[in-house]
Each structure stands twice: as structure tokens, then as C-alpha cells.
Number of protein chains: 2
Amino acid sequence: MNINGNCLVAQSGGPTTAINASLAGVIERAIKNESIGTIYGAINGIKGFMEKRVLNLSEAFGNHPDLLDKLKISPSMYLGSCRYRLPDIDSDCEDYSIIFGLFKIYDIKYFLYIGGNDSMDTVAKLSLYAKKINYDIHIMGIPKTIDNDLACTDHTPGYGSAAKYIATSVLEVAHDAYIYNVPSVSIIEIMGRNVGWLTAASALARNKYSTAPHLIYLPEKAFNTDNFIADVKHLLTMRKHVIVAISEGIHDENGNYISSQSDNVDQFGHVMLSGAGKYLETLVANEIGCKVRSIELNVLQRCAAHTSSKTDIDESFILGQYAVDRIIEGHSGEMVVINRVENSPYKSEFSTASIHDIANIEKKIPLDWISDSGNDINSELIKYMQPLIEGEIDVPYENGVPSYMPVDHLFGLTE
Amino acid sequence: MNINGNCLVAQSGGPTTAINASLAGVIERAIKNESIGTIYGAINGIKGFMEKRVLNLSEAFGNHPDLLDKLKISPSMYLGSCRYRLPDIDSDCEDYSIIFGLFKIYDIKYFLYIGGNDSMDTVAKLSLYAKKINYDIHIMGIPKTIDNDLACTDHTPGYGSAAKYIATSVLEVAHDAYIYNVPSVSIIEIMGRNVGWLTAASALARNKYSTAPHLIYLPEKAFNTDNFIADVKHLLTMRKHVIVAISEGIHDENGNYISSQSDNVDQFGHVMLSGAGKYLETLVANEIGCKVRSIELNVLQRCAAHTSSKTDIDESFILGQYAVDRIIEGHSGEMVVINRVENSPYKSEFSTASIHDIANIEKKIPLDWISDSGNDINSELIKYMQPLIEGEIDVPYENGVPSYMPVDHLFGLTE
């Protein structure tokens with residue numbers, strides 16, 4: 001087989017602990033493929049590529065398969081990220097001239113973009129533009145997002161590991177709360193602006209002796225503070241310790257976030273949230289007056305690779321390999337997706353879906369997977385989530401802390 | 001050897017991931033000791049004992065050595081906790097009458113209390129009272145506190161595991177921060193009212209490629225917000241991402257906490273803190289205007305047993321065994337302590353110290369272990385902390401989450 005051209009891979013959006021596993025899968029497969037010349041990695045996503053900031057991944061990993069093993073279990077993004085939205089392909093052609101000019105210079109015939117919803121928008125636009133100018137390139141999206149909100153795929157790489165961290169942390173917070181003989185309320189705030197997949201994972205903390213979290217509130221249903229206080233008060237008549245899991249994005253029936261700060265907006269127009277937990281903590285203190293604490297899991301739920309899900313990491317790695325296979329076959333303008341074949345024992349297969357059925361669509365939890373009362377989830381959702389957090393990763397440690405892939409090339413090229 | 005009497009063990013104060021290891025050590029050793037009849041565990045510390053809430057630990061663990069293995073690695077407190085301060089032995093005798101009355105009813109000849117500073121105050125007072133009324137009982141304190149602030153011991157059980165969690169989390173947060181090509185400040189708020197041992201452990205996150213945290217502020221030195229902003233601004237001229245570790249208890253030269261809430265006081269008169277990180281986040285946003293985030297590690301730093309330090313857990317277990325050996329020999333009115341024999345390879349031995357040299361004394365970081373500029377620590381402190389976080393625990397998992405000792409006996413007896 002002759003070399004057809006070079007391959008570019010990049011990462012974009014928010015971190016997960018599985019996005020490097022997909023990158024490792026891409027590199028592992030692309031290095032072996034005879035129709036691919038050099039594998040380049042763009043630093044800081046499509047934005048960095050436009051500034052010609054690229055790494056030669058064939059060189060970096062070619063003779064170091066052990067480094068791929070380490071990359072596979074390392075959190076956040078080896079190639080760095082960006083948050084950059086390309087203009088409409090008809091409205092502004094400057095970005096596209098730069099990008100396709102560089103595709104030509106670097107002889108890029110294959111482009112794989114690993115990211116979430118905003119990144120798939122980039123894949124969709126670049127695919128359309130390539131068609132418009134009749135440019136010979138294959139472009140493929142590889143999903144990753146802890147939010148699990150991408151359409152056409154059973155779930156997203158990164159979700160299972162975040163879910164495992166959340167379930168583990170909620171169980172440990174429950175152990176922390178149970179020890180005192182005074183009534184207490186613990187409110188755990190979990191990421192999720194518009195979808196509750198991550199917060200729902202708190203239910204996986206439940207076991208034979210602990211029913212925490214005792215209340216779960218998701219953004220899919222309107223949140224009512226009066227009902228919340230009534231729910232907590234009712235539970236406090238039956239148990240001493242009430243553990244509550246809430247999404248950062250819970251909002252009232254008019255769509256107003258339950259949060260003390262709702263004025264800041266990021267560049268995509270997403271409201272920047274923080275404080276739903278703190279707000280409810282104050283509310284419980286005032287309305288009930290018992291011991292109360294709020295805990296924000298914060299960025300650790302997306303970067304705590306020391307407790308990744310083996311199912312998630314393995315699947316993300318294979319998905320990276322699979323994406324290379326499909327793009328070589330000629331697929332383009334698509335995203336690779338995961339299909340659940342069996343639930344117990346869990347088994348998944350992969351396929352592809354048109355990127356235009358995915359970009360800018362947000363997959364929410366089906367309402368019939370949420371309890372009618374809106375303060376818990378039902379067993380269908382538990383069954384869906386359970387296999388995704390199974391299995392543990394053997395993270396290597398050095399000097400008592402995890403040994404991850406160095407990322408100082410991000411400093412060198414950008415600082 | 002004849003049975004001399006029964007043994008009572010209890011836990012008190014805040015949770016750690018190592019306090020159950022000491023309990024497991026106590027049970028393991030006491031069960032085998034022929035001069036001990038029954039081992040009782042008081043639920044919810046000395047307060048629960050006064051309400052006759054006790055478990056028969058000989059029955060619960062006697063024929064189940066596998067349960068001791070599980071107890072050893074489980075977080076928080078199997079026996080529950082209390083925060084209760086006994087009155088002075090001369091000022092009020094009612095509590096003492098109740099306690100010593102129950103010692104007689106349960107034929108308690110040995111009492112081991114596992115806890116921190118406030119718990120050692122209880123050990124000291126009960127020892128004095130026993131002497132005052134000439135009551136035949138041996139009382140021994142076993143240290144535990146993530147704060148590492150007890151006198152006479154090289155370090156405290158629970159500290160190493162919390163330190164390992166903090167170092168791991170700071171490294172993972174750094175990976176999370178490094179990916180964007182825009183300047184950012186991440187402020188990590190770590191527990192510690194008056195002592196900075198936990199915050200100092202953030203320095204153990206540093207490795208060959210990552211120098212985070214780039215600034216460390218401890219309560220041992222006065223905090224100046226102008227200097228802080230100057231430190232951050234200076235670093236931002238050299239690097240894109242600045243990671244800052246602060247203690248919750250940082251305060252200005254007049255002793256005022258750097259925090260938005262400093263009015264609440266707990267029953268021991270400790271100021272209840274939260275918000276130093278949030279306060280500084282707002283300050284950076286206003287004074288520097290770059291991307292900024294604050295992260296509060298919160299209770300997970302004391303209950304995340306899935307990443308305990310093996311050194312800590314093993315040492316805590318052996319310390320529990322050692323305490324039983326000493327109390328049987330006739331020691332009383334003491335706390336068992338850890339002495340560092342060698343640093344590399346790390347080796348420790350145990351001895352005892354008079355409880356009156358320990359209770360109500362707070363061990364701070366020596367000022368010469370902190371940098372003159374007050375924004376970092378020095379290598380002596382690193383050398384001191386390093387061995388304490390070494391080694392990993394094989395935590396068993398079930399359904400994707402850690403499998404810990406059930407604690408529903410805490411509900412059954414108290415709810």
C-alpha cells in the first residue's frame with residue numbers, strides 16, 4: 001500500500017480522564033497503517049493548528065509503545081485544548097483558508113478531532129467546507145465528554161470515569177457524614193449545566209448498607225425550593241443524615257438557575273455556574289436550622305484519573321483505533337459512536353453516524369428515567385449507568401503520587 | 001494468665017481514612033490477649049458511652065478476621081464519633097460519675113480512645129479523675145488527625161493519607177489547568193485552621209514536568225492580600241498557569257481570617273471557616289482580571305480512602321496493636337506516639353508519652369521550614385512529608401465502587 005498522506009489529530013473542549021486513551025488508540029493504529037505518513041498532533045486544538053503549533057507524534061511515540069500505555073491512563077489532554085467556534089462556512093472564509101492552507105502544507109489527508117458538542121460543530125463545518133471546495137480530506141469526530149450529552153452514541157467516553165469518581169466520592173462523603181449523632185444535611189454539587197447524567201451517577205454509590213444519596217435533583221426537571229425543603233424535612237423525620245446530590249444546572253420552572261451567581265456567560269453563551277450547593281446550604285441553615293454542608297466536586301470529577309473506569313478507558317482506546325480504521329476506509333463527516341449490545345455482561349460495538357445528526361444536539365436524560373416526584377432516578381437509569389463504571393485501572397505511582405504523561409510540551413510551545 | 005477485665009475502645013473527633021486501621025489493630029491484638037475478657041466499642045465516643053450505646057466487638061470480629069482486613073482500609077469511623085468536651089474534673093462531677101459508674105458495670109479495666117487534640121483532653125481528664133478517686137483502670141490515647149498537629153509524635157495517623165490525596169488532587173488539577181492557551185489562576189483551598197501541614201503536602205504534587213503548586217500559603221505566617229496579588233502577577237509574567245495552594249485558615253497580621261465568613265464558631269470556640277479560596281478567586285478576578293477558579297478539597301481530603309497511603313494505614317494498624325500491648329503492661333494516662341528512626345528508607349518505631357504533654361497543645365510547622373517570602377515551603381519539610389504518602393492500598397471494589405465496612409449499626413443504634 002502506498003502512503004496516501006499525513007494524519008492530524010487534536011483535542012478540544014473540557015478535560016476528561018479518557019480523552020488521552022482515545023488519542024493513544026489513534027496513535028497506536030495510525031502508526032501501523034501503511035497509507036498514513038506522519039501523524040501530527042495539533043497543540044490547543046484547531047486554534048493551535050491555525051497558529052502552526054504541531055507536534056510530530058510519529059516521532060514522539062513511534063519507538064516508545066510504553067509511552068502509549070502511560071498516555072492511555074493520563075488525565076486531561078496531552079495535546080492541550082481550545083474553546084473556539086468556527087464561523088459559518090458561508091459567512092467568513094478566513095479561518096477556513098488558513099486551516100485548509102495548512103492541511104495542504106502539512107499534506108493532511110486525515111483529520112481526527114476528539115471532543116464534545118462544540119468540537120463536533122467544528123468537525124461538521126470543516127466537513128462541509130471540504131465538500132464545498134472539493135478538497136480531498138477525510139474528517140472524523142471522536143466523542144469525549146464527561147457530560148454524556150452527545151446524540152447517536154449510547155454514551156460518551158469520559159462519562160464512565162467521571163461517574164465512577166462521583167459514585168466513589170458520594171459513598172465516601174456519606175461515610176464521613178454518618179459518624180455524628182446529630183441531624184445533618186450534606187449537599188453535593190455535581191457538574192452538568194443542562195443534563196443530569198453525571199448527577200444521576202451519584203445513585204451508583206448506593207449499596208447494601210447505605211442509601212445515600214437520599215435525594216437527587218437533575219436539570220431535566222424544574223427545581224422548586226419549597227419542595228426541596230419539604231423533601232429534606234420529611235427525610236429528617238426518618239433518618240439522621242440526609243445526603244443530597246444536585247446538578248450545578250438545576251433551575252426553577254422559569255428556567256432561572258438555583259444559584260447565587262447567574263450573570264457570567266462564557267464565549268459560547270453558556271451561563272457560568274457556581275453556587276447552587278452553597279445557595280441550598282444557606283437555605284437549609286435558615287429554613288431547617290440543622291447542621292448542613294455543601295460540597296462541590298469541582299474539576300476533580302473530570303480529571304481524577306487515579307480512579308478511572310477500566311470499561312471507559314478500554315472502550316475509549318479502542319474507539320480511537322476504530323476511528324482510524326474507518327477514516328482509512330474512506331469515511332468522513334462522521335463521528336464514531338458506541339452501541340450497547342448487551343447489558344449484563346456488558347458488551348459494546350462501534351459504528352459511525354453522520355456528524356450533522358450530532359453537532360449542536362444535546363442528549364438529555366429521558367424523563368421516564370426520572371422519578372415522578374423529581375427527586376430521584378429510576379432503575380432503568382441505574383441499569384444503563386452501572387456497567388460504565390465497572391473495573392479499575394492500575395495507575396502507576398511514583399513518590400506516592402500517580403505517574404502521568406508529562407505535559408511540559410504544552411508550556412514550551414505556548415509560554 | 002487470668003482475665004483481668006474488659007476493654008473499651010472508642011473513636012472521636014473528625015474522620016480520617018486511617019482511624020479504622022488503628023481500631024482494627026486494637027481489636028486484632030485485644031482479641032488474642034488472655035487478660036482481656038470482652039472488647040466493647042462505644043458508639044459515638046465518650047458521649048455515646050454515657051448513653052450506654054456499646055457494641056460487642058469480640059462477637060462482631062472474633063471469628064471474622066476477613067472483616068478486620070476490610071475495617072483496616074475503610075474511611076471515617078466504624079464506631080461513630082462525638083465532639084464532646086468533659087468538664088474540669090473539679091468543677092463538675094456528674095459526667096465522671098456516669099462514666100466511671102459504667103466502667104464498673106461493664107467491668108472496663110482498659111480504655112483506648114482514638115482521636116485528635118480534643119479527644120486527648122478527654123483521655124487526660126479521665127486519667128486524672130481515675131487517679132483522684134483511685135479507680136483501677138488503664139487509659140490510653142491513640143492519635144489520629146489529618147491535621148498532624150499533635151505534640152510528642154513525629155506525625156499523626158491519618159495525615160499521610162490526607163496528604164497523599166491532596167498531592168494527587170493538586171497534580172490532577174494542574175493537568176486540568178495546563179490545557180488552555182489562556183492565562184489562568186487556580187486556587188486550591190485545603191483544610192487547616194491553625195496549622196499548614198495539609199496545605200504543605202500540596203508540594204508533593206511537584207514532579208519532573210510540573211512545578212505546581214507555584215505558590216503555597218500557610219496559617220503559620222501572616223497572609224497579605226497585596227503581596228498575594230503581587231506574587232500572582234509576577235508569576236503570570238513567566239508562566240501561563242498559576243496554581244496556588246492555601247490553607248482555609250490563612251489570616252492577616254492581626255489574626256483576621258482571609259475569608260468571607262468568620263462569624264460562626266463551633267462548640268469548642270473554633271471559628272468555622274469556609275471561603276478563603278472563594279474570596280481570593282474574587283480578588284484575582286477584580287485585581288488581575290484573568291481566568292480564575294477556586295477549588296475547595298472539602299471533606300474528601302479526610303475520607304477518600306480509595307487513595308490512602310499504605311505507609312499511613314500500616315502504621316496506624318500497628319499503632320493500635322502497640323497501644324494494647326502497652327496498656328496491658330500497665331501504662332496509663334499516655335498516648336502512643338510514632339518516632340521516625342530513618343528517613344530513607346523510612347523506618348519508624350513506637351513509644352508512649354504522657355497525655356499531659358499532648359492534650360491541648362497544637363504542633364505547628366517550624367517557621368524555618370517555610371520560605372522567608374512566606375509563599376512556599378523548603379526542602380526540609382518536603383523530606384519530612386515524602387515518606388508518609390508512599391505506597392498504595394489495594395481497595396476492593398464491588399459494582400465499580402469501593403467496598404468498605406458497613407456502618408448501618410450507627411443508624412440502628414442512633415436512629
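Okay, so let's go over this structure. Computed from a prediction, not measured in an experiment: that's the story for all the values here. (Residues numbered from 1 in each chain as written. Chains lettered and ligands numbered in written order. Predicted model: local features only at pLDDT ≥ 70, side-chain atom pairs only at ≥ 80, totals over all residues. Heavy atoms only, no water.)

1. A short note on the overall build of chain A
Phase 1 of the analysis: Within chain A one finds 14 helices and 13 strands.
Phase 2 of the analysis: For chain A, the C-alpha radius of gyration of 22 Å lies close to 22 Å, the compact-globule estimate for 415 residues.
Phase 3 of the analysis: With respect to the principal axes defined by its C-alpha atoms, chain A has extents near 75 × 50 × 45 Å.
Phase 4 of the analysis: Put simply, chain A has 415 residues, and 64% of those count as buried. (Helix = DSSP H or I, 4+ residues; strand = E, 2+ residues; numbered from the N terminus. Rg over C-alpha atoms; globule rule 2.2 N^0.38 Å. Buried < 20%, exposed > 50% of the residue type's maximum accessible area, 1.4 Å probe, protein only.)

2. Describing the relation of the copies chain B and chain A
Phase 1 of the analysis: Structural alignment of chain B on chain A gives an RMSD of 0.0 Å, achieved by rotating through 180° and translating 0.0 Å along the axis. What the rotation and shift describe, once combined, is the action of a two-fold rotation axis. Closest approach to the rotation axis within chain B is made by the C-alpha atom of Glu296 of chain B, at a distance of 3.7 Å.
Phase 2 of the analysis: Taken together, the interface assignments show that 100% of the residues at the interface of chain B recur at the interface of chain A, consistent with an identical surface on both copies. (Least-squares fit on C-alpha atoms with pLDDT ≥ 70 in both. Contact = heavy atoms within 4.5 Å.)

3. Regarding the interface of chain B and chain A
Phase 1 of the analysis: Contacts between chain B and chain A engage 70 residues on the former and 70 residues on the latter.
Phase 2 of the analysis: When the two sides are added together, the surface that chain B and chain A hide from each other amounts to roughly 5,500 Å², 55% of it contributed by carbon and sulfur.
Phase 3 of the analysis: The largest contributions to the chain B side of the interface with chain A come from Glu172, Ile179 and Tyr209 of chain B, which together make up 13% of the buried area.
Phase 4 of the analysis: Our count for the chain B to chain A interface comes out at four salt bridges.
Phase 5 of the analysis: Here Asp176 of chain A and Arg302 of chain B are joined by a salt bridge, their closest N and O atoms 2.7 Å apart.
Phase 6 of the analysis: At the boundary of chain B with chain A, the tally comes to 26 residue pairs in polar contact (both at pLDDT 80 or more).
Phase 7 of the analysis: Only α7 (159–177), β9 (291–296), α11 (300–303), β12 (397–398), β13 (401–402) and α14 (408–414) of chain B provide two or more residues apiece to the side of chain B that touches chain A.
Phase 8 of the analysis: The biggest single contributor to the side of chain B that touches chain A is α7 of chain B, with 10 residues.
Phase 9 of the analysis: Of the residues contributing to the side of chain B that touches chain A, the split by class is 31 nonpolar, 21 polar and 18 charged. (Buried area = accessible area lost by both parts, 1.4 Å probe. Salt bridge = Lys/Arg side-chain N within 4 Å of Asp/Glu carboxyl O. Polar contact = N/O pair within 3.5 Å; in protein donor to acceptor, adjacent residues only side chain to side chain. Nonpolar A, V, L, I, M, F, W, Y, C, P; charged D, E, K, R; others polar.)

4. What about the packing of helix α9 (residues 225–236) of chain B against helix α10 (residues 276–287) of chain B?
Residues and elements named next belong to chain B.
Phase 1 of the analysis: Between α9 and α10, the least distance of the axes is 11 Å, while the angle of their chain directions is 60°. In terms of their interaxial angle, α9 and α10 are classed as oblique. Handedness of the α9/α10 crossing: right-handed. Judged by residue contacts, Thr225, Phe228, Ile229 and Lys233 of α9 engage Tyr279, Leu280, Leu283, Val284 and Glu287 from α10.
Phase 2 of the analysis: Across the contact of α9 with α10, the residue classes break down as six nonpolar, one polar and two charged. (Axes fitted to C-alpha atoms, helices over the stretch in contact; angles between N-to-C directions. Parallel < 35°, antiparallel > 145°, perpendicular 65-115°, else oblique. Left-handed = near helix turned anticlockwise from the far one by under 90°.)

5. Regarding the sheet that holds strand β1 (residues 5–11) of chain A
Residues and elements named next belong to chain A.
Phase 1 of the analysis: Strand order across the open sheet formed by seven strands is β3-β2-β1-β4-β5-β10-β11, with mixed pairing between neighbours. Edge positions in the sheet fall to β3 (54–56) and β11 (346–354), since each has one partner strand and no second. In this sheet, adjacent strand axes meet at a mean angle of 30° when their direction is disregarded.
Phase 2 of the analysis: Running over the sheet, helix α1 (residues 19–32) touches β1, β2 (36–42), β4 (108–115) and β5 (138–143) and is turned about 175° from β1. (Pairing = 2+ DSSP bridges.)

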